[in-house]
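Descriptive analysis of the structure
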Amino acid sequence: MSKRRSLTEAQCVSLAQKLLRERLCHQKLPDRPLALDSQYKHLLELLRRTAVHGESNSVLIVGPRGSGKTMLLGCVLRELMSLKEAQKNVLLVELNGLLQTDDKIALKEITRQLHLENVVGDKVFGSFAENLAFLLEALKKGDKSSSRPVVFVLDEFDLFAHHKNQTLLYNLLDVSQSAQTPVAVLGLTCRLDVLELLEKRVKSRFSHRQIHLFSSLSFAQYVDAVRAQLSLPPDFPDPKFSDAWNHSVTVHTQHTSRSVFTNKSYTQSLFLTSFSVRVSVSHSTLHEADLLEASRLISADSKAIILHGLSILELCLIIAMKHLNDTYDGEPFNFQMVHNEFKKFIQRKSHSIHKFEKPVVMKAFEHLLQLELVRPVDSGVCKVQREYQLMRLMLEHGQVMEALQRYPQCPTDVKQWALSAFA
């Protein structure tokens, strides 16, 4: 057996980083997820009926992050595409609620994934339903029975429920209920209450099939899985470096605080990403601080971080919006309502905030709009004056309260106003 050559420390670090990143990019799906066997069989049978028999279906896969939703779907789709009847027949369309933020963007993406850009051309459609019907019609090979089955995968399904009038969901589920084109609509979500987000007309067209997943790993198994992902393989070119690396991984994953691993939604891939960027020549082995920092980076709330950089005026507008949300039970608001709420606070309760002219307050409101902390209800061209355009606050109660606690030198009367708003 040939002796493995020693590498310089810089080369070892570079190779270790490369291996960790390759492990991220090329994680292999298991042949079959044994722990999810019943869910696997159920989902495969539903999709097989769509692919082979032309039967439309809809189903939601519900479970916390890291529970195996994407893995389960990946294994089922791989098995489905290995069927002779499905290989050249089934079309797959994948949408994500984080990327396709409105129905217009989603429709463009559907057109692109179905390779129908040339068919659509410069055609003008009267409605979303008409456009979708045209796309599905274009997939027919001849008679009605020979339409090509389409599998729609909607990741972050709950975010599609926030689109105006839930037009995309309504039309996809409506097609799945009709006998026009064989369609399977698969939603992946972390929210157990996702059905409560659906409008009545959308809910009535959904099959109400749900597949629930829960993480089956114990705490010890989860730590072992993270340790295996962070360790270097036995055939690493420099055995001395790999031994030192693997020893540090074993020692520090054993002694790191349990709180670092408690939230299993910190998937191993995120952990790997956060840790691998910290590796350098001067920092060539794992330390407990690396795991703590990786945990902090993963759990950081990006919107809460943005809130820390707001001015006091902008923070006051956020509190005014949250107050309106509580008063009117989550109904949309406009700038004029926010400005009136802010003026009431200045006149009655505030002794530390100066009076701002209305144009200055409007400028602060527009900055919140640019940061996407506030979003217009109607994203299309609106003829309403800016002051009266309906908006929604894109923040949760906890995010606002956490930002207030961490905000440097936040005036006491502003904090008290916020607490009264959440009472």
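Residues numbered from 1 in each chain as written. Predicted model: local features only at pLDDT ≥ 70, side-chain atom pairs only at ≥ 80, totals over all residues. Heavy atoms only, no water.

The cut-off we apply is this: UniProt positions are given in the numbering used here, feature names are shortened, and annotations may be inferred rather than shown by experiment.
Looking at an unreviewed UniProt entry, one finds the protein chain named Origin recognition complex subunit 4 and attributed to Cyprinus carpio. The record held by UniProt for the protein chain lists under Function (unreviewed entry) the comment "Component of the origin recognition complex (ORC) that binds origins of replication." As recorded by UniProt, the Sequence similarities (unreviewed entry) comment attached to the protein chain reads in full: "Belongs to the ORC4 family."

1. Details of the pattern of salt bridges
Working definition: two side chains of opposite charge can pair if their charged atoms are close together. The cut-off we apply is this: The rule for a salt bridge is simple: a side-chain nitrogen of Lys or Arg has to be within 4 Å of a carboxyl oxygen of Asp or Glu. Each helix is a run of H or I in the DSSP string that is no shorter than four residues. Each strand is a run of E no shorter than two, and both are numbered from the N terminus. Summary of the burial criterion: residues with accessible area below 20% of their type's maximum are buried, those above 50% are exposed, and those between are partly exposed, where the area comes from a 1.4 Å probe applied to protein chains only.
On inspection of all chains with the given rule, the structure shows eleven salt bridges. Across the pair Asp37 and Lys41 runs a salt bridge whose closest N-O atoms are separated by 3.3 Å. Taken together, the positions of Asp37 and Lys41, both in helix H2 (residues 37-53) and four residues apart, correspond to about one turn of that helix. What makes Asp37 partly exposed here is its relative accessible area of 24%.

2. Side note on the packing of helix H17 (residues 312-327) against helix H18 (residues 335-348)
In plain terms, the rule: Comment: axis = line fitted to C-alpha atoms, over the contacting stretch for helices; angle = value between 0 and 180 degrees taken between N-to-C directions. Every angle not falling under 35 degrees, over 145, or within 65 to 115 is termed oblique; those three ranges are roughly parallel, roughly antiparallel and roughly perpendicular. Contact between two residues is taken to exist if any of their heavy atoms lie within 4.5 Å; hydrogens are not considered. All amino acids are sorted into three groups, where Ala, Val, Leu, Ile, Met, Phe, Trp, Tyr, Cys and Pro are nonpolar, Asp, Glu, Lys and Arg are charged, and the leftover types, Gly among them, are polar.
Where H17 contacts H18, the axes come no closer than 9 Å and their chain directions differ by 105°. Judged on the interaxial angle alone, H18 and H17 are roughly perpendicular. For the pair H17 and H18, contact is made by Leu313, Cys316, Leu317, Ala320, Met321, His323 and Leu324 and by Met337, Val338, Glu341, Phe342 and Phe345, respectively. Residues that form the contact of H17 with H18 fall into these classes: ten nonpolar, one polar and one charged.

3. Here we look at the nonpolar core
How we decide: To define a nonpolar core, start from buried Ala, Val, Leu, Ile, Met, Phe, Trp, Tyr and Cys residues and group those joined through side-chain atoms within 4.5 Å.
Membership of the largest hydrophobic core comes to 37 residues, with the highest contact counts inside it found for Leu317, Ile318, Met321, Phe342 and Leu404. Here Leu404 is in contact with Leu315, Ile319, Cys410, Val414, Lys415 and Ala418, once residues within four sequence places are set aside. Counting 33 residues, the second-largest nonpolar core is a separate cluster that includes Leu95, Leu132, Val150 and Val185.

4. Points about helix H7 (residues 128-138)
The α-helix winds at 3.6 residues per turn, so residues separated by three or four positions along the chain end up facing the same way. Note the cut-off: What the arc covers is the set of directions going from the helix axis to the C-beta atoms.
Among the residues making up H7, those that are buried are Phe128, Asn131, Leu132, Leu135 and Leu136. Axial view of H7: buried residues confined to an arc of 130°, hence all on one face.

5. Considerations on the sheet that holds strand E1 (residues 57-62)
In plain terms, the rule: Any two strands are treated as partners once DSSP identifies two or more bridges connecting them.
Taken in spatial order, the five strands line up as E2-E3-E4-E1-E5 in an open sheet, and their pairing is parallel. The outermost strands of the open sheet, each flanked by one partner alone, are strand E2 (91-96) and strand E5 (210-212). Sheet twist, expressed as the mean angle between neighbouring strand axes with direction ignored, is 15°. For strand E3 (residues 150-155) and strand E4 (residues 183-189), the ladder comprises six bridges, and the chain directions are parallel. Across the sheet, the residue bridging to Phe152 is Val185, located in E4. With respect to the sheet, helix H5 (residues 103-113) is in contact with E2 and E3, its orientation differing from that of E2 by roughly 150°. Running over the sheet, helix H9 (residues 167-177) touches E1, E2, E3 and E4 and is turned about 135° from E4.

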